Amino acid sequence: MTTPTLAIATNHLSYKYANGSTGLADITLQLPWGTRTLLIGSNGAGKSTLLKLLAGKTLSSIGEVLIGGHDPFRGGSDATHITTYLGTEWASNPIVRRDIPVTVLIDSVGGSVFPERRDLLVKLLDVDLRWRMHQVSDGERRRVQLVMGLLKPWKVLLLDEVTVDLDVQVRYELLDFLKQETEERECSIIYATHIFDGLGNWPTNVVHIQAGRVLKNLDYQKDISFVDGSADEKNGSSGDLQESFKFINEQQLLINKIKSLHPLALDWLVNDLSSRGTRVEDKNRVKWDDLKSQLEKFYDGSSDRITEYFKRNRTS
Ligand SMILES: Nc1ncnc2c1ncn2[C@@H]1O[C@H](COP(=O)(O)OP(=O)(O)OP(=O)(O)O)[C@@H](O)[C@H]1O
């Protein structure tokens, strides 16, 4: 079977939430097989919204999404079949906090069907097979989620901040493994994170998203060769891309030195903030006092259950 050239393609994809707010606006992306795309954006930029649309968890009637050539919304079981989405919400599912042996959980998603991958992932993510799920820490629970999620050989992997509570060593091992996967078999990854350390040489593509729009979409590997002196090869690039290359050029020494995308991400996020304006400057922003009557109506006296809950659970 021949696989379509593109792992992930979106065409003018837009999404509005039920309250009318913009989730995504006019996103067009073309990501080939073998790519590792890092999604960079400030809180609320639209990263999770995009990943959920790609995973077919959220539907949009505006624009198009193709995963391996299949539409995950409209009769797209082929697309959902090849896609693995791992988000942070998994860990708060009460089922994975019950007294269940970790072996039972891993087996329930095919641990015995993929024994080699299972053993490799258990070792890589340092999972103790004697663990029971009600006795593990948040980071340990996250490692179990990753073993389960990565077990089946996915073709498209969508990671939404799932490395945030891993310790540094396990995170590096995982990133290396994922890199190797995209180099050895036909698959692709999109990874949304706020932690940029150790990612200097990881991505093939870097996408900057702000207020639901893609501001930059860089072929990161080409940028590196540009810095190495092959500027003439970029004659056909758009002005915007040239500008990005120039910026990367300035940041490259630092990125190489500390192997982190932190300087690039920081620059983008600082620009996001200045183009949005600070919240204090936003004249349309609702003030606390504007909502006083709403608060009074909602709380209806001191016996409110929410107030009581937080009083009871106060730690300090
Ligand atoms: N159910 C919802 N209804 C209305 N607006 C929503 C809803 N969920 C998210 N949003 C808004 O959509 C925007 C994008 O949210 P999203 O979760 O995609 O951001 P993000 O880039 O993943 O942020 P973070 O880095 O904080 O996880 C935000 O402004 C958020 O407030």
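About the cut-offs
- Residues numbered from 1 in each chain as written.
- Predicted model: local features only at pLDDT ≥ 70, side-chain atom pairs only at ≥ 80, totals over all residues.
- Heavy atoms only, no water.
- Pairing = 2+ DSSP bridges.
- Helix = DSSP H or I, 4+ residues; strand = E, 2+ residues; numbered from the N terminus.
- Axes fitted to C-alpha atoms, helices over the stretch in contact; angles between N-to-C directions.
- Contact = heavy atoms within 4.5 Å.
- Near = heavy atom within 4 Å.
- Polar contact = N/O pair within 3.5 Å; in protein donor to acceptor, adjacent residues only side chain to side chain.
- Areas by Shrake-Rupley, 256 points an atom, 1.4 Å probe, with all protein chains shown as cover.
- Nonpolar A, V, L, I, M, F, W, Y, C, P; charged D, E, K, R; others polar.
- Core = buried A, V, L, I, M, F, W, Y, C linked by side-chain atoms within 4.5 Å.
- Buried < 20%, exposed > 50% of the residue type's maximum accessible area, 1.4 Å probe, protein only.
- Parallel < 35°, antiparallel > 145°, perpendicular 65-115°, else oblique.
- Left-handed = near helix turned anticlockwise from the far one by under 90°.
- pLDDT = per-residue confidence, 0-100.
- Expected span 1.5 Å × (residues − 1).
- Salt bridge = Lys/Arg side-chain N within 4 Å of Asp/Glu carboxyl O.

**What to know about the sheet that holds strand β5 (residues 83-86)**
Pairing in this open sheet of six strands is mixed, and the strands run β5-β6-β7-β3-β8-β9 from one edge to the other. The two strands at the open ends of the sheet, each matched to only one other strand, are β5 and β9 (213-219). Across the sheet, the mean angle separating the axes of adjacent strands is 15 degrees when strand polarity is ignored. Along the sheet face, helix α6 (residues 168-184) touches β3 (36-40), β6 (156-160) and β7 (188-192) and points at about 150 degrees away from the line of β7. Here helix α9 (residues 262-276) sits on the sheet and contacts β3, β8 (205-210) and β9; the angle it forms with β8, its principal contact strand, is near 20 degrees.

**Points about the site of the ligand**
In the region of the ligand, the neighbouring residues are Tyr17, Asn19, Ser21, Ser42, Asn43, Gly44, Ala45, Gly46, Lys47, Ser48, Thr49 and His194. Ser21 is positioned such that a nitrogen or oxygen atom in its side chain is 3.4 Å from a nitrogen atom of the ligand. Here an oxygen atom of the ligand sits 2.8 Å away from a polar atom, N or O, in the side chain of Ser48. Here the ligand has 640 Å² of accessible area as a free molecule, and 59% of this is covered by the chains. Class assignment of the residues belonging to the shell around the ligand gives a composition of two nonpolar, nine polar and one charged.

**Considering the sheet that holds strand β1 (residues 6-16)**
Adjacent strands of a sheet pair through backbone hydrogen bonds, lying either parallel or antiparallel. What the three strands build is an open sheet, ordered β2-β1-β4; its pairing is antiparallel. A strand with exactly one partner marks an edge of an open sheet, and here the two such strands are β2 (22-32) and β4 (62-67). Within this sheet the neighbouring strands show an average axis-to-axis angle of 15 degrees, counted without direction. Note that β1 and β4 share five bridges and pair antiparallel. Residue pairing across strands places Ile8 opposite Ile67, the latter belonging to β4.

**Description of the nonpolar core**
If you look at the biggest cluster of nonpolar residues, it comprises 45 residues, and the most contacted ones within it are Leu125, Leu150 and Leu178. Breaking this core down by element, the ones donating at least two residues are β3, α3 (102-108), α4 (115-124), α5 (138-151), β6, α6, β7 and α9. No other element matches α5, which puts six residues into this core.

**Description of the packing of α4 against α5**
Running from amino to carboxyl end, α4 crosses α5 at an angle of 155 degrees, the nearest separation of the two axes being 10 Å. With respect to their mutual orientation, α4 and α5 come out roughly antiparallel. Where α4 crosses over α5, the two elements pack in a sense that is right-handed. Side by side, α4 and α5 meet where Arg117, Arg118, Leu121 and Val122 of the first sit next to Val147, Leu150 and Leu151 of the second.

**A few points about the confidence of the model for the chain**
Within the chain, residue pLDDT values average 82, and 75% of them lie at 70 or more. Confidence, read as mean pLDDT per element, is least for helix α7 (residues 220-227) in the chain (56) and greatest for β7 (97). Low confidence marks residues 225-236, where pLDDT is under 50. Its contacts with residues over four positions away, or in another chain, come to 14 contacts.

**Considerations on α6**
Its 17 residues give α6 an end-to-end C-alpha distance of 24 Å, which sits within 8% of 24 Å, the value for a rise of 1.5 Å per residue. Contact partners of the buried residues in α6: β3, α4, α5, β6 and β7.

**Digging into the pattern of salt bridges**
For the structure shown, the criterion picks out 11 salt bridges. A salt bridge links Asp165 to Arg142; the nearest nitrogen and oxygen atoms lie 3.0 Å apart. On the criterion of sequence distance, the pair formed by Asp165 in the loop between β6 and α6 and Arg142 in helix α5 is long-range, its members being 23 residues apart.

**Some remarks on the packing of α5 against α6**
For the pair α5 and α6, the least separation of the axes is 13 Å and the interaxial angle reads 10 degrees. Classified by the angle between their axes, α5 and α6 sit roughly parallel to one another. For the pair α5 and α6, the contacting residues are Arg143, Leu146 and Leu150 in the first and Val170, Leu174, Phe177 and Leu178 in the second. Counted by class, the contact of α5 with α6 contains six nonpolar, no polar and one charged residues.

**Some thoughts on the side chain of Arg143**
Summarising the element assignment, Arg143 is placed in helix α5. At a separation of 3.2 Å, a polar atom in the side chain of Arg143 contacts the main-chain carbonyl oxygen of Leu125. Filtering out sequence-adjacent residues up to four positions away, Arg143 remains in contact with Leu125, Asp126, Val127, Trp131, Leu166, Asp167 and Val170.

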